[in-house]
Amino acid sequence: MIPSILPTYNRAPLAFVKGEGSWLVAEDGTRYLDLGAGIAVNALGHAHPDLVAALTEQAGRVWHVSNVYQIPEQQRLADLLVEKTFADTVFFTNSGTETAELAIKMARKYWYEKGAPERIEILTFEGAFHGRSTGAIAAAGSEKMVKGYGPLMPGFRLLPWGDMAALKAAISERTAAVMVEPIQGEGGIRPIPDEDLKAIRALCDATGALLILDEVQCGVGRTGRLFAHEWAGITPDIMMVAKGIGGGFPLGAVLATEKAAAGMTAGTHGSTYGGNPLACAVGARVIEIVSDPAFLAEVGRKAGLLRQKLEGLVAAHPEVFDFVRGQGLMLGLKCKVAPADLVAAGYGQHVLTVAAADNTLRLLPPLTITDEEIAEAVRRLDAAATSLETAPAASPV
Ligand SMILES: *Cc1c(COP(=O)(O)O)cnc(C)c1O
């Protein structure tokens, strides 16, 4: 019999009843150190007092009014994002996949309005993840996500990840946009080198193609800058943001330049809940806290500490781990064992991690994790790795 929850997830047999900072408390009272943060969502950890206050204050005033009216909380968050980024304008969504939908629509509309409606092709990269809508799976193209859902939306061309020669050959005066994650998340914490991101920007400039950056996972302070592309000293035309921006409340945003957004006039796009007062009250507090240069500097310092300890962990378990990659508090441990086995071994040590593609274990702790928690986290990962070395292999070889 089908479960009452549609069984599209392989869930761990764990349920949490409370969260505090970097910790989640299970039903039986056991405390788990959370290095997944709801997959880079709980950027400020669990139950951050400022976010609880922002949400409950707003909840006592007004929850929802509709985008047919002015929404002051939404205005405040949009103004903050425009002030702190490349963007001139913002559209709010409830999720990452909805930001992919709008980014695709905006890029096509841009060329339509410029009198080039045939310019629809969007170049994307293998290993990408842009969400689960029909548009987003067509963009990412992976067999696992698209199988059985055809016919797919046409107009996407998938290039080998990191292959700049392939991009140079594929991009042309007919390309509408290039859509890329500065650091692939689901794909296995694979960062694009700064030089390549600069080269992608230059190729877009040379052909007129718009650059869409998907910072749903790597944005909002995760790398030690407010947005990951800042490290390369470039700016996109359109940027997708979600996950961390709501700190756990569902919220996403598409940021764009005035030029890229030129076709998006009244009636061309919409969302009932997008930019809802509750979400925006929380989002504004998240951005205020995370965009503080002192906060971002701390993320960078703690990331250095975690990385150094992880290098030690890899050296201590050469049979389990291969190397560390990633940036800031978005780190991946390339494994020699199945990452799912390490995630399971972590449960035994009461530490939560997330598996990713390319045989990678993902660490995406709250940006507020403390030095002591980092040390404790690596001790627990060490114990998890040891348990795999001593136990018989969990999965068939
Ligand atoms: C999670 C994710 C998405 C999709 O976000 P949802 O909120 O799950 O729809 C899109 N892009 C990237 C890079 C992501 O990590």
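Everything numeric here is computed off the predicted structure, so don't read it as measured data.

K.L.:
Would you mind going over the overall build of the chain with me for this structure?
P.N.:
Secondary structure summary: the chain contains 12 helices and 17 strands in total. Taking 2.2 N^0.38 as the reference for a compact globule, 397 residues should give roughly 21 Å; the C-alpha atoms of the chain span a radius of gyration of 21 Å, in line with that estimate. Seen through its C-alpha atoms, the chain measures out along the principal axes to roughly 65 × 55 × 50 Å. A total of 397 residues make up the chain; the buried ones form 53% of that total. Counted over contacts in the chain with a minimum sequence separation of 6, partners at least 24 positions apart contribute 72%. Surface accessibility of the chain: about 17400 Å² in total, with carbon and sulfur atoms responsible for 56%. Each charge class in the chain was averaged separately, 35 positive and 44 negative side chains, and the resulting centres sit 2 Å apart.

K.L.:
For this particular structure, what's the right way to read the sheet that holds strand 17 (residues 360–363)?
P.N.:
Think of a sheet as strands paired side by side through backbone hydrogen bonds, with each pair either parallel or antiparallel. If you walk across this open sheet you meet the 4 strands as 13-14-17-16, and the pairing is antiparallel. Edge positions in the open sheet fall to strand 13 (321–327) and strand 16 (354–356), since each of these has one partner strand only. Ignoring strand direction, the axes of neighbouring strands in this sheet form an average angle of 30°. One ladder, built from 6 bridges, connects strand 13 with strand 14 (residues 330–335); its direction is antiparallel. Paired with Phe321 across the bridge in strand 14 is Cys335.

K.L.:
Explain the pattern of salt bridges to me, please; I cannot follow it from the model alone.
P.N.:
Should the charged atoms of two oppositely charged side chains come close, the side chains can pair. Tallied over the entire structure, the rule returns 18 salt bridges. In this structure, the salt-bridge partner of Glu83 is Lys84, at a minimum N-O distance of 3.6 Å. Judged by relative accessible area, which is 58%, Glu83 ranks as exposed. Classification of Lys84 as partly exposed rests on a relative accessible area of 31%. Across the salt bridge formed by Glu376 and Arg380, the nearest N and O atoms sit 2.8 Å from each other. Taken as a pair, Glu376 and Arg380 lie in helix 12 (residues 371–390) at a separation of 4 residues, close to a single helical turn. Several salt bridges converge on common partners, so that one network encompasses Asp50, Arg76, Arg285 and Glu288.

K.L.:
Looking at this structure, how should I read the packing of helix 2 (residues 49–59) against helix 9 (residues 277–290)?
P.N.:
What describes two packed helices is the angle between their axes and the distance between those same axes. For the pair helix 2 and helix 9, the least separation of the axes is 9 Å and the interaxial angle reads 155°. Put simply, helix 2 runs roughly antiparallel to helix 9. When you trace helix 2 past helix 9, the crossing you get is right-handed. Residues Asp50, Leu51, Ala54, Leu55, Gln58 and Ala59 of helix 2 form the contact with helix 9, whose own contacting residues are Pro277, Leu278, Ala281, Val282, Arg285, Val286 and Ile289. The residue makeup of the contact of helix 2 with helix 9, split by class, is 10 nonpolar, 1 polar and 2 charged.

Conventions we followed
Residues numbered from 1 in each chain as written. Predicted model: local features only at pLDDT ≥ 70, side-chain atom pairs only at ≥ 80, totals over all residues. Heavy atoms only, no water. Helix = DSSP H or I, 4+ residues; strand = E, 2+ residues; numbered from the N terminus. Rg over C-alpha atoms; globule rule 2.2 N^0.38 Å. Buried < 20%, exposed > 50% of the residue type's maximum accessible area, 1.4 Å probe, protein only. Contact = heavy atoms within 4.5 Å. Areas by Shrake-Rupley, 256 points an atom, 1.4 Å probe, with all protein chains shown as cover. Lys, Arg positive; Asp, Glu negative; His and termini not counted. Charge placed at Lys NZ, Arg CZ, Asp CG, Glu CD. Pairing = 2+ DSSP bridges. Axes fitted to C-alpha atoms, helices over the stretch in contact; angles between N-to-C directions. Salt bridge = Lys/Arg side-chain N within 4 Å of Asp/Glu carboxyl O. Parallel < 35°, antiparallel > 145°, perpendicular 65-115°, else oblique. Left-handed = near helix turned anticlockwise from the far one by under 90°. Nonpolar A, V, L, I, M, F, W, Y, C, P; charged D, E, K, R; others polar.

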